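A closer look at the structure
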Amino acid sequence: MHGLVVKNTGSWYTVKTDSGQLIDCKLKGNFRLKGIRSTSPVAVGDFVQIVTNAEGTAMITAIDDRKNYIIRKSPNLSKQSQIIATNLDQAFLLVTIKYPETSTIFIDRFLAGAEAYRIPVVLVFNKTDLLNEEERHYQQMMMNLYETIGYHCVEISAEKGQGMEVIDALLAQKVTLLSGNSGVGKSTLINVLIPHAEQRTAEISDAHGTGIHTTTFSEMIALPHGGYVIDTPGIKGFGTFDIEPEELTSYFKEIFAFSKDCKFNNCTHTHEPGCAVRTAVENHYISESRYQSYLSMLDDKEENKYREPY
């Protein structure tokens, strides 16, 4: 039988067969993916072949070729990767200026990872109803920054139902990964979009202003008007995987544009003379925050380790 992986609990996979049946499956013991050292070789969004044995247990035996996938370093195993989702049309990164605050380094790491695998990203700024005037101004500055680079930005309040018509239009008939730090409102947004989903939500920790994980597994949820959203556990840190230093420049759109004018073809934009990128930073054509994110990812490769949350 052939089907789509719609849930991954870590030990079981729920596969929706081509006939619409939901079957819980295990992974065949010797199943491996060539070229990827992953904590789990199958992910939500994969199309797979399954067979049932005499005991009635279903096994995943093969995986179809993927259109794309998004991957990060496993938080616990620095040499291994964690495939977050596959076969995506786009990703929504939920961002909050406050309650909790999403760091620009986290945003930029996610964007670079998505660029590496050619996945378009929409930045969704949530909880705008909670912001004071100064915080709203800061949010607008952030949106202006990322829109200037070329990313679509939307501001919403999932709690109040504000901006949902824009979100509905962007999601229609597409497979969308929903990601972000814990506490940014992914489950609340899903409950607004799909009332029967009944995703659990939790209050933000008062002590640290950080989110609490409410989603413990990855799940693909059908939208009422066509398409799917993939809900994933909240990510505290986003360690990029398998991106070489010489490739990194091309995953920062504006840095890549200026790098063509650098004196040296192999310029790392850190110390070399005639570096057009550092000149652009000094002249405010490239934001300091984006440049610092680029440098932090270069440090990842030099240290060869997963970086902790920021």
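Residues numbered from 1 in each chain as written. Predicted model: local features only at pLDDT ≥ 70, side-chain atom pairs only at ≥ 80, totals over all residues. Heavy atoms only, no water.

Notes on helix H1 (residues 104–116)
In a regular helix each residue adds 1.5 Å, so 13 residues correspond to 18 Å; H1 covers 18 Å between its end C-alpha atoms and thus fits that length. For H1, a buried count of 11 out of 13 residues is recorded, marking the element as mostly surrounded by other parts of the structure. (Helix = DSSP H or I, 4+ residues; strand = E, 2+ residues; numbered from the N terminus. Expected span 1.5 Å × (residues − 1). Buried < 20%, exposed > 50% of the residue type's maximum accessible area, 1.4 Å probe, protein only.)

Section: the packing of H1 against helix H2 (residues 133–149)
In the contact formed by H1 and H2, the axes pass within 13 Å of each other and the chain directions differ by 25°. With respect to H2, the element H1 is oriented roughly parallel. In the packing of H1 onto H2, the handedness of the crossing is right-handed. Along the contact surface, H1 presents Thr104, Ile107, Asp108 and Leu111, while H2 presents Tyr138, Met142 and Tyr146. (Axes fitted to C-alpha atoms, helices over the stretch in contact; angles between N-to-C directions. Parallel < 35°, antiparallel > 145°, perpendicular 65-115°, else oblique. Left-handed = near helix turned anticlockwise from the far one by under 90°. Contact = heavy atoms within 4.5 Å.)

What to know about the pattern of salt bridges
Considering all chains together, one arrives at six salt bridges under this definition. We note a salt bridge from Asp89 to Lys67, for which the minimum N-O separation is 2.7 Å. Taken together, the residues span a long stretch of sequence, with Asp89 in the loop between strand S7 (81–86) and strand S8 (90–95) and Lys67 in the loop between strand S5 (58–63) and strand S6 (69–73) at a distance of 22 residues. Of the residues examined, Lys67 reaches a relative accessible area of 53% and is grouped as exposed. Notably, a salt bridge pairs Glu254 with Arg290, separated by 2.7 Å at the nearest N-O pair. Here Arg290 lies in helix H8 (residues 288–303) and Glu254 lies in helix H6 (residues 253–259), a separation of 36 residues in the sequence. Note on accessibility: Glu254 and Arg290 belong to one class, buried. When salt bridges with common partners are traced through the structure, they connect Asp108, Glu254 and Arg290 into a single cluster. (Salt bridge = Lys/Arg side-chain N within 4 Å of Asp/Glu carboxyl O.)

Regarding the environment of Ser19
Tracing the backbone shows Ser19 in the loop between strand S2 (13–17) and strand S3 (22–27). Taking the C-alpha atoms as reference, Ser19 lies 9.3 Å from Met1; in sequence the two are 18 residues apart. Among the polar contacts made by the side chain of Ser19, one reaches the side chain of Thr17 at a distance of 3.0 Å. (Polar contact = N/O pair within 3.5 Å; in protein donor to acceptor, adjacent residues only side chain to side chain.)

Re the packing of aromatic side chains
Enumeration according to the criterion identifies four aromatic pairs in this entry. When the ring of Tyr69 is compared with that of Tyr117, the centres are 4.9 Å apart and the planes differ by 35°; the resulting orientation is tilted. Here Tyr117 lies in the loop between H1 and strand S9 (121–125) and Tyr69 lies in strand S6, a separation of 48 residues in the sequence. According to the relative accessible area criterion, Tyr117 is buried, its value standing at 18%. The interplanar angle of 85° and the centroid separation of 5.8 Å between the aromatic rings of Phe252 and Tyr294 together place this pair among those described as edge-to-face. Of this pair, Phe252 sits in the loop between helix H5 (245–248) and H6 while Tyr294 sits in helix H8, and the two are 42 residues apart along the sequence. (Phe/Tyr/Trp six-rings, centres within 6.5 Å; stacked < 30°, edge-to-face > 60°.)

Section: the packing of helix H3 (residues 164–171) against helix H4 (residues 186–193)
One can describe the packing of H3 onto H4 by two numbers: an axis separation of 11 Å at closest approach and a directional angle of 85°. With respect to H4, the element H3 is oriented roughly perpendicular. Residue-level contacts link Met164, Ile167, Asp168 and Leu171 of H3 to Leu189, Val192 and Leu193 of H4. Along the lines of polarity and charge, the residues of the contact of H3 with H4 split into six nonpolar, no polar and one charged. (Nonpolar A, V, L, I, M, F, W, Y, C, P; charged D, E, K, R; others polar.)

Re the UniProt feature "binding site: Zn(2+)" (unreviewed entry) in the protein chain
In the numbering adopted here, UniProt assigns the feature "binding site: Zn(2+)" (unreviewed entry) to Cys262, Cys267, His269 and Cys275. Note on placement: Cys262 falls in the loop between H6 and helix H7 (276–282). According to the relative accessible area criterion, Cys262 is buried, its value standing at 9%. The contact partners of Cys262, leaving out residues within four places of it in the chain, are Cys267, His269, Gly274, Cys275, Ala276 and Val277. Take Cys275: it is sitting in the loop between H6 and H7. Taking the relative accessible area as the measure of exposure, Cys275 reaches 4% and is therefore buried. (UniProt positions renumbered as here; feature names shortened; annotations may be inferred.)

Focus on the state of the cysteines
This model, assessed by the stated rule, comprises zero disulfides. Here Cys275 is not cross-linked by a disulfide; its sulfur's nearest cysteine counterpart is in Cys267, at 3.8 Å. (Disulfide = S-S within 2.5 Å.)

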